[in-house]
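Secondary and tertiary structure notes
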Amino acid sequence: MANILIVEDEKNMQDIIVEYMKKGGYTCFTADDGIDALMLMKNTPMDLMILDIMIPHLDGFSVCKMAREMSSLPIIMLTAKSDEADKLRGYEYGADDYMTKPFSPKILLAKANALLRRTSAAPTDTISAGKISINPAAHKVFVDGTEITLTHKEYELLHFFMGNPEQIFSREQLLNRIWGYDFEGNTRTVDTHIKTLRQKLGSEGKSIVTLIRSGYKFEVAK
């Protein structure tokens, strides 16, 4: 049974989310502010976090950024804003998905189910290419033997690329494959995630090749 951390300071909204997550069979932990959220993450293994942006002490962006230094768990951000810049900022800090208030709790549960299915369905065999290796069972990535920390979506992108070397994928194909057809964002999200993924891979980031007007492909760095 997966543990879900719900970070929401509005009590009514928190109760509604907890109710629906429990209907999905999940164990729920709640935090009213950013500091409590990080303390819970530190002390209890979490499988997914639902994170409101407008929370006391530390806002959702700060919590998301700091959580990424601790874990690769999927993060769904909640916001009262539909501004694209805010969403892109969230993705840059490591969010995997977004929901704009008001939203359907049923859709939120469906998104949580989908993210957790993708996490738990990972194959167990190690995948290697050049100096990059992935341990899917542990969701860990190593570059030249040193572990690096990726967001859930960065991990999914790298795993997908390494499982399909030399194949060209358009931004739209990657968006649909990694984020899903019901994703509310656009192809700039793909570019943002690949930019940060390359940075984290260091010298091996050149394995992800940009093809003008076509998209991206993965090839072993030479």
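Just above, that's the structure.
What this report covers is the structure whose coordinates are included nearby. (Residues numbered from 1 in each chain as written. Predicted model: local features only at pLDDT ≥ 70, side-chain atom pairs only at ≥ 80, totals over all residues. Heavy atoms only, no water.)

**As for the packing of aromatic side chains**
Cut-off, in case you're wondering: Side-chain rings of Phe, Tyr and Trp, where Trp is taken by its six-membered ring, are said to pair if the distance between their centres is within 6.5 Å; with planes under 30 degrees apart they count as stacked, over 60 as edge-to-face, and otherwise as tilted. Categorising residues by exposure relies on relative accessible area from a 1.4 Å probe, with only protein chains included: less than 20% of the type maximum marks a residue as buried, more than 50% marks it as exposed, and the intermediate range marks it as partly exposed. Over a ring means this: the NZ of a Lys or the CZ of an Arg is within 6 Å of the ring centre and within 35 degrees of the ring normal.
Per the stated rule, a full pass over the model turns up 3 aromatic pairs. An angle of 75° between the planes, with centres 5.6 Å apart, marks the rings of Tyr91 and Tyr98 as edge-to-face. On the basis of an interplanar angle of 50° and a centroid distance of 4.7 Å, the ring pair of Phe160 and Phe169 is categorised as tilted. The class of Phe160 is buried, set by a relative accessible area of 11%. In this structure, Lys23 is placed above the aromatic ring of Tyr20, and the distance from its NZ or CZ to the ring centre is 4.6 Å. Note that Arg89 overlies the ring of Phe61, its terminal NZ or CZ placed 4.0 Å from the centroid.

**Structural notes on the pattern of salt bridges**
For the record, the criterion: Counted as salt bridges are all cases of a side-chain nitrogen of Lys or Arg within 4 Å of a carboxyl oxygen of Asp or Glu. Secondary structure follows DSSP: runs of H or I at least 4 residues long count as helices, runs of E at least 2 residues long count as strands, and numbering of each begins at the N terminus.
As enumerated under the stated definition, the model contains 12 salt bridges in all. Between Asp52 and Lys101 there is a salt bridge; the shortest N-O distance is 3.4 Å. Remark: Lys101 occurs in the loop between β5 (97-100) and α5 (105-120) and Asp52 occurs in strand β3 (residues 48-52); sequence separation between them is 49 residues. Judged by its relative accessible area of 3%, Asp52 is buried. Accessibility expressed as a relative area gives 17% for Lys101, which makes it buried. A network of salt bridges, in which partner residues are shared, links Glu8, Glu10, Asp52 and Lys101.

**Thoughts on the sheet that holds strand β7 (residues 132-135)**
We count it as follows: Whether two strands pair depends on DSSP finding at least two bridges between them. Lines fitted to C-alpha atoms define the axes here, with helix axes fitted over just the stretch in contact, and angles between the N-to-C directions of these axes take values from 0 to 180 degrees. Residue contacts follow a heavy-atom distance rule, with two residues in contact if any of their heavy atoms lie within 4.5 Å.
On the basis of which strands lie adjacent, the open sheet formed by 4 strands has the order β6-β7-β8-β9 and antiparallel pairing. Each edge of the open sheet carries a strand with a single partner, namely β6 (127-129) and β9 (146-148). On average, adjacent strands in this sheet sit at an angle of 25° to one another, irrespective of strand direction. Note: strand β8 (residues 140-143) against β9, 3 bridges, orientation antiparallel. Residue Val141 lies in a different strand from β9, and its bridge partner there is Ile148. Along the sheet, helix α6 (residues 152-163) contacts β6, β7 and β8; its crossing angle with β7, the most-contacted strand, is approximately 110°.

**Some remarks on the pairing of strand β10 (residues 208-211)**
In terms of strand pairing, β10 meets strand β11 (residues 215-218) through 4 bridges, oriented antiparallel. Looking at β11, one finds that Thr210 is bridged to Tyr216. Linking β10 to β11, which pair antiparallel, is a turn of 3 residues; within it Arg213 sits at a positive phi near 70°.

**Notes on unusual backbone geometry**
Residue Pro102 is reached from Lys101 by a cis peptide bond, and omega for that bond is -5°. For Pro102, the position within the fold is in the loop between β5 and α5. The backbone phi angle of His57 is positive, close to 70°, even though this residue is not glycine. Relative to the assigned elements, His57 resides in the loop between β3 and α3 (60-68). Taking relative accessible area as the criterion, His57 reaches 63% and is therefore assigned exposed. Unlike most non-glycine residues, Arg213 shows phi in positive territory, near 70°. Take Arg213: it is sitting in the loop between β10 and β11. Residue classification places Arg213 among the exposed residues on the basis of a relative accessible area of 81%.

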